[in-house]
Each structure stands twice: as structure tokens, then as C-alpha cells.
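Structural features, examined
This is what each chain is made of:
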Amino acid sequence: MALRHYTLDFKLSTAVDSATTVPDLLSIFHEQEMTETAHETNGHGYLGTFVGKNGRLAILRVHSHALVTIDLQCYEEDNIAQLDNLLNALETKLKVILNGNITRIKRLPALVRGAEVDRYWPTADGRLVEYDMDQIVYEEDSAYQNIKILHSQQYGNVLILDNDLNLAESDLAYTQAIMGSGRENYAGKEVLILGGGDGGILSEMVKQKPKMITMLDISFKVIDACKKYMRGTCGNILDNLKGDCYQILVEDCVPVLKKYVQEGKTFDYVINDLTAIPISTQPEEDSTWEFLRLILDLSIKVLHPSGKYFTQGNAETLTEALSLYEEQLGKLSCPVAFSKEVTCVPSYLEQWVFYSVWKK
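Reading the values: the criteria
- Residues numbered from 1 in each chain as written.
- Predicted model: local features only at pLDDT ≥ 70, side-chain atom pairs only at ≥ 80, totals over all residues.
- Heavy atoms only, no water.
- UniProt positions renumbered as here; feature names shortened; annotations may be inferred.
- Helix = DSSP H or I, 4+ residues; strand = E, 2+ residues; numbered from the N terminus.
- Buried < 20%, exposed > 50% of the residue type's maximum accessible area, 1.4 Å probe, protein only.
- Contact = heavy atoms within 4.5 Å.
- Polar contact = N/O pair within 3.5 Å; in protein donor to acceptor, adjacent residues only side chain to side chain.
- Phe/Tyr/Trp six-rings, centres within 6.5 Å; stacked < 30°, edge-to-face > 60°.
- Lys NZ or Arg CZ within 6 Å of the ring centre and 35° of its normal.
- Axes fitted to C-alpha atoms, helices over the stretch in contact; angles between N-to-C directions.
- Parallel < 35°, antiparallel > 145°, perpendicular 65-115°, else oblique.
- Left-handed = near helix turned anticlockwise from the far one by under 90°.
- Pairing = 2+ DSSP bridges.
- Domains from an automatic or database assignment.

Under an unreviewed UniProt entry, the name given to the chain is Spermine synthase, and the organism recorded is Perca fluviatilis. Regarding the chain, the relevant UniProt record gives this comment under Sequence similarities (unreviewed entry): "Belongs to the spermidine/spermine synthase family." The Catalytic activity (unreviewed entry) field of the UniProt record for the chain holds the comment "S-adenosyl 3-(methylsulfanyl)propylamine + spermidine = spermine + S-methyl-5'-thioadenosine + H(+)".

Here aspartate 162 lies in the loop between strand S11 (156-161) and strand S12 (164-168). Classification of aspartate 162 by relative accessible area gives partly exposed; the value is 46%. Spatially, the C-alpha atom of aspartate 162 lies 28 Å from that of valine 191, the residues being 29 residues apart in sequence. Sequence-distant contacts of aspartate 162, defined by excluding residues within four places in its chain, comprise Tyr144, Gln145 and Asn146. A distance of 2.8 Å separates a polar side-chain atom of aspartate 162 from the backbone nitrogen of asparagine 146.

Turning to the packing of aromatic side chains, a few remarks are in order. Under the criterion given, the structure shown has eleven aromatic pairs. Clustering of aromatic rings is evident, with ring pairs tying together Tyr174, Tyr348, Trp352 and Phe354. A cation sits over an aromatic face here: lysine 308 above tryptophan 358, 5.8 Å from the ring centre.

Bringing the packing of helix H8 (residues 253-263) against helix H9 (residues 287-301) into the picture now. Running from amino to carboxyl end, H8 crosses H9 at an angle of 30°, the nearest separation of the two axes being 9 Å. In this view, H8 runs roughly parallel relative to H9, as classed from their interaxial angle. As H8 packs across H9, the resulting crossing turns out to be left-handed. Residues Cys253, Val254, Leu257, Lys258 and Val261 of H8 form the contact with H9, whose own contacting residues are Phe291, Leu294, Ile295, Leu298, Ser299 and Lys301.

As recorded in UniProt, the feature "active site" (unreviewed entry) lies at Asp273. Inspection of the secondary structure puts aspartate 273 in strand S17 (residues 267-273). Reaching out from aspartate 273, the side chain makes a polar contact with the side chain of tyrosine 174 at a distance of 2.4 Å.

Bringing the sheet that holds strand S6 (residues 102-113) into the picture now. One open sheet holds the six strands; their spatial order is S2-S3-S4-S5-S1-S6, and the pairing between them is antiparallel. The sheet is open, and its two edges are formed by strand S2 (35-39) and S6, each paired on a single side. Across the sheet, the mean angle from the axis of one strand to that of its neighbour is 15°, orientation sign disregarded. Relative to strand S5 (residues 67-75), strand S1 (residues 3-12) is paired through nine bridges, and the arrangement is antiparallel. Paired with aspartate 9 across the bridge in S5 is threonine 69. Those strands touched by helix H2 (residues 23-31) are S2, strand S3 (46-51) and strand S4 (57-62), and its axis lies near 175° from that of S4.

A separate point is the sheet that holds S12. Within the open sheet, the four strands sit side by side as S9-S10-S11-S12. Their pairing is antiparallel. Each edge of the open sheet is held by one strand with a lone partner, namely strand S9 (133-141) and S12. Averaged over neighbouring strand pairs, the angle between their axes works out to 25° when direction is ignored. Bridge count between strand S10 (residues 146-152) and S11: six bridges; the pairing is antiparallel. Note on S11: the bridge partner recorded for serine 152 is glycine 156. Sheet strands touched by helix H6 (residues 220-229): S9, S10 and S11. Its angle to S9, the strand with the most contacts, is close to 150°.

What the domain assignment reports for the chain is domain 1 (3-112), domain 2 (116-167) and domain 3 (170-359). A separation of 50 Å is found between the C-alpha centroids of domain 1 and domain 3.

Okay, structure coming up:
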């Protein structure tokens, strides 16, 4: 049973005394048959909880620093019209009580907690976004990660790995950016894709008529789930693990890359779609940074001297993490140059950085 959590905030120009604020609000709570309990705040204003029928709970705080907040919780099956009336009555009364002292009133849509379909996913820089997810299309644990595919009314089906939003069917912009945004000629070229189990890059790449695409992804379950439920991204390319100009190897890419290095095999393009740049700014202590450096070094070693390496970065706002990644580019076994571009990926709801790297 899901819980709805409403908030109503009054930002004030000066602090107010609870003795002049609270009494006029009590009748509103009493009309809703909600019982007050006042709590000790050790000099930090007023804190009252009000418990009513059907599991309703209201929290009223008159803060000592020019802020009045109301939280209202109820179960999803409660009478929404009654709750709206309660909030409207409280807002109207507080406008009268606090007249001339209000700098801002903020009333947010209800936060729904504990719902079957999770609608809340954080951005890379820690902001909370409410999506229009309305259905769990698929969920399963593999040996490597939790795999979810949720349906969004705006973005189509959305792939989520270990609670990290990866890609939606709407996100062609991501695929185009990690392939060079139309500036590359892949015709007749050898291409290596690391990761990419959603099939988006592979589906777009075969249209460019390359000589051969090798895609390495460790999780058959991701590939199989996307084949069934992310067809707006992959089309029918994942229906077969081999085609005229591509092969999908369901393997850990690290030993395969090491084998390619030993054999002297090279590729005209390497596209790394394994993971975003870590948010952590401690690259010497974070195992994800260690993995990223290993993949980066091996990828450059299998890159043809005139080839290019493409990868995603992270959100444009994560400037410190992006700077650390660029420092890592200067520590590779051979000197490289790089460029970057910023693209708006629809379902990410933030600007995303992509890198192009080549040998000097």
C-alpha cells in the first residue's frame, strides 16, 4: 500500500511566534478529527503532530528561523479531495495569519512512497526527478546486476541496471553522440563495441555498412531482455548473435581485450558503452576508476593508429569528475588527444558529456 506525502512551505521575512500562529490552525485539524500532540523542541519553535482517521498524519512546524512547514501523509486510497480541502484551508488561513510576512509559498505535488512502480530516480548530480513510469515491464537479477525495464509514457521503455537509469527508447541522441554525431565514416571499417547490451549502438552502426562490428557484453540476460522489451532502441538486431557484418560475443571484455592486444589485432573504432565516469573524486581508492583506467588503456592498445575511441562521460555539472577523467587520459601508455561534446539525452533530464579520443 503506497503512501502519499504532501508538503506546504511558507518562507517568511521574519520569524514568528508559534503562540500567534498555531491556535488559529487547530480548528482546521480538529474539523478533520485529527488529534494534536505537541513535542518538545528545546527552543526551536513549535512541532505538532496530528493523527487522524484512515492513517492520516500531519506534521506542523513553526521554525525559529522564519519558516513554517506542513507535511501531510495519507495512504493512496484515501479521499484525495478531502486532503486537498485540508491543505487549501491551511494555506488560506496561514496567508491571513502571516499577511505581510510571506516571501514565498511552495506546495509540491505529492511524493508517492512505496508504490509498486518506482517513479523517482536521481540525476547524476543528486537531484531527484519524478518520472511518469507506470509499469514494470521486466525485472530479473543476473549474476552481475539487477535488471529492470520500466515503461514511461514519455520515453517508452527504460532500461535500469542496478538502479541506475541507462537508456530509454527515446534516447537516440545518446547513441548518435557516442558514435560521433554523424561526423564519422564507418563504411568498410572494423568496429569494437564494449557493452552496448541494449543494442542501440549496434542497430545504428550496421546502417553505416562497416566491414565488421564486434560487440562484447558480459550479460546475456540484458541482451535477451532488451531484445524483447527495448525494440524501439535495438530493432531486430539482437534477434541473432551474428549477422553479415556483426558478431555479438557474450563475454567479459577484459580477457578478450587482452587477447586482442597479444594478437596485435586492431580496430578503426572502439566504442566504450560500459559505464559512465565515476562520480567519486578519489580515483586512487575507487575500484570503478581502476576498471575504467584498465578498459581505457586496453582500448587504446587495440586502436588503429588512425582510429578513434568514443565513450560517454557523465553529467556536464560533474566538472571535478570529468576533469579527473581527462587527467587519466594523460597517463596512458601512449599520448592521446581528445575532444568532447555535450548532448541532451531526453530521459536523463540533464546535459551529458561524450568523449572522442585518438592517438597523437
